[in-house]
Amino acid sequence: GTDTVTNVEHLQFADQTFSFNSAPTDLTVSSDTGVTMNTDGGNNAYLFTTDGGSIVGGLSALTIEVEFSIDNRHGGTYQPLFSYNAGGASDEIEIGIEHADGTPHLYLEIAENGFPVPGFDASDLLDGHHQVSATWDNASGDWEVYVDGVSVASGTGVAAGDTIASGGTIVLGQ
């Protein structure tokens, strides 16, 4: 089912506690479709788990899917879409849009191995509603990225043999 939650600072859902930077006015949690927020046109809420490691820690394969809307670039050189950090020097899992050289690039990081997704012009992501998905399997480090349901890049050798560290924090909507 779906529950709409308003004016909260902490949320317990499926044995997981979520905390918010401020009380969001537009947050929906569903066991079928996940968490949606800022669909009221705002961009002022983010969500983080207090123990994201119980969700992704120890994984040897994963698929992360993020749906978002961007109507312009909100300053800075990086727009994170999903991140999971377990205290290391870098994120264990991250999907974002990087603007470091003036050209937008989709950025992927798995088990602290980060890279711009090759051959994809992320400027198309800066206007409107989009879906980005990334898959990874540690057997040979195979990875693939999909944008709006279409494969845009794939490769092998990323974090082969690694597992995702436990004890971290997931952040959505930074």
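In this structure, what is going on with the overall build of the protein? I would like to understand it.
For the protein, the helix and strand inventory stands at one helix and 15 strands. Evaluated residue by residue, the protein yields a buried proportion of 41% over its 174 residues. Once local pairs closer than 6 in sequence are excluded, the contacts in the protein between residues at least 24 apart make up 49%. When the accessible area of the protein is evaluated, it comes to approximately 8500 Å², of which 46% is carbon and sulfur surface.

Would you mind going over the nonpolar core with me for this structure?
Most often, soluble globular proteins have nonpolar side chains that are buried together. By size, the foremost hydrophobic cluster in this structure holds 34 residues, and its most contacted members are Ile93, Ile97, Leu106, Leu108, Ile110, Leu125 and Ile164. At the level of elements, β7 (61-70), β8 (78-85), β9 (93-98), β10 (105-110), β12 (128-137), β13 (142-147) and β15 (169-172) are the ones that each hand at least two residues to this core. Setting aside residues no more than four positions away along its own chain, Ile164 makes contact with Val56, Gly57, Gly58, Leu59, Leu62, Tyr84, Glu92, Ile93, Ile110, Ala111 and Trp136.

Teacher, can you tell me more about the confidence of the model for the protein here?
As a note on interpretation, predicted positions should not be read in detail where pLDDT is low. When pLDDT is averaged along the protein, the result is 78; 67% of the residues meet or exceed 70. Per-element confidence in the protein is highest for β13, whose mean pLDDT is 98, and lowest for strand β1 (residues 2-5), whose mean pLDDT is 41. A low-confidence stretch, residues 1-15 (pLDDT under 50), is modelled with 38 contacts involving residues beyond four sequence positions or located in other chains.

Mind showing me how you'd approach the packing of aromatic side chains here?
For any pair of aromatic rings, the description rests on two quantities: the centre-to-centre distance and the angle between the ring planes. In the structure shown here, the tally under the stated rule is two aromatic pairs. Here the aromatic rings of Tyr78 and Tyr107 are separated by 5.9 Å at their centres, their planes lie at 85°, and the arrangement is edge-to-face. Here Tyr107 lies in strand β10 and Tyr78 lies in strand β8, a separation of 29 residues in the sequence. When its relative accessible area of 25% is taken as the criterion, Tyr78 is described as partly exposed.

Can you walk me through the sheet that holds strand β14 (residues 150-155) in this structure?
By way of backbone hydrogen bonds, the strands of a sheet pair with one another, either parallel or antiparallel. With antiparallel pairing, four strands are arranged side by side in an open sheet as β7-β12-β13-β14. Each edge of the open sheet is held by one strand with a lone partner, namely β7 and β14. On average, each strand axis in the sheet is tilted by 15° relative to the strand beside it, whichever way the strands run.

What should I look at first to understand the side chain of Glu92 in this one?
Within the secondary structure layout, Glu92 lies in the loop between β8 and β9. Overall, Glu92 belongs to the buried group, its relative accessible area being 8%. A polar contact of 3.0 Å, which involves the side chain of Glu92, links it to the backbone nitrogen of Ala165. Not counting chain neighbours up to four residues away, the residues in contact with Glu92 comprise Tyr84, Asn85, Ala86, Glu109, Ile110, Ala111, Glu112, Thr163, Ile164 and Ala165.

Sorry if this is basic, but what is going on with unusual backbone geometry here?
The phi torsion of most residues other than glycine is negative, and most of the peptide bonds are trans. Even without a glycine there, the phi angle at Glu112 is positive, about 65°. Of note, Glu112 is situated in the loop between β10 and β11 (113-116). Glu112 sits in the partly exposed class, given a relative accessible area of 36%.

Please explain the side chain of Asp91 as it appears in this structure.
With respect to the element layout, Asp91 can be found in the loop between β8 and β9. Polar side-chain contacts of Asp91 include one of 2.9 Å to the side chain of Asn85. Those residues in contact with Asp91 that lie beyond four places of it in its chain are Ser83, Tyr84, Asn85, Glu109, Ala111 and Glu112.

What is the right way to look at the pairing of β13 in this model?
Side-chain direction in a regular strand flips from residue to residue, so the side chains alternate between the two faces of the sheet. A one-sided burial pattern is seen for β13, the buried positions being Trp143, Val145 and Val147 and the unburied ones Asp142, Glu144 and Tyr146. Adjacent in sequence and paired antiparallel, β12 and β13 are bridged by four residues, among which Gly141 carries a positive phi angle near 75°. Where β13 lies against β14, five bridges are found, and the strand directions are antiparallel. Pairing of Tyr146 across the sheet is with Ser151, part of β14.

Calculation notes
Residues numbered from 1 in each chain as written. Predicted model: local features only at pLDDT ≥ 70, side-chain atom pairs only at ≥ 80, totals over all residues. Heavy atoms only, no water. Helix = DSSP H or I, 4+ residues; strand = E, 2+ residues; numbered from the N terminus. Buried < 20%, exposed > 50% of the residue type's maximum accessible area, 1.4 Å probe, protein only. Contact = heavy atoms within 4.5 Å. Areas by Shrake-Rupley, 256 points an atom, 1.4 Å probe, with all protein chains shown as cover. Core = buried A, V, L, I, M, F, W, Y, C linked by side-chain atoms within 4.5 Å. pLDDT = per-residue confidence, 0-100. Phe/Tyr/Trp six-rings, centres within 6.5 Å; stacked < 30°, edge-to-face > 60°. Pairing = 2+ DSSP bridges. Axes fitted to C-alpha atoms, helices over the stretch in contact; angles between N-to-C directions. Polar contact = N/O pair within 3.5 Å; in protein donor to acceptor, adjacent residues only side chain to side chain.

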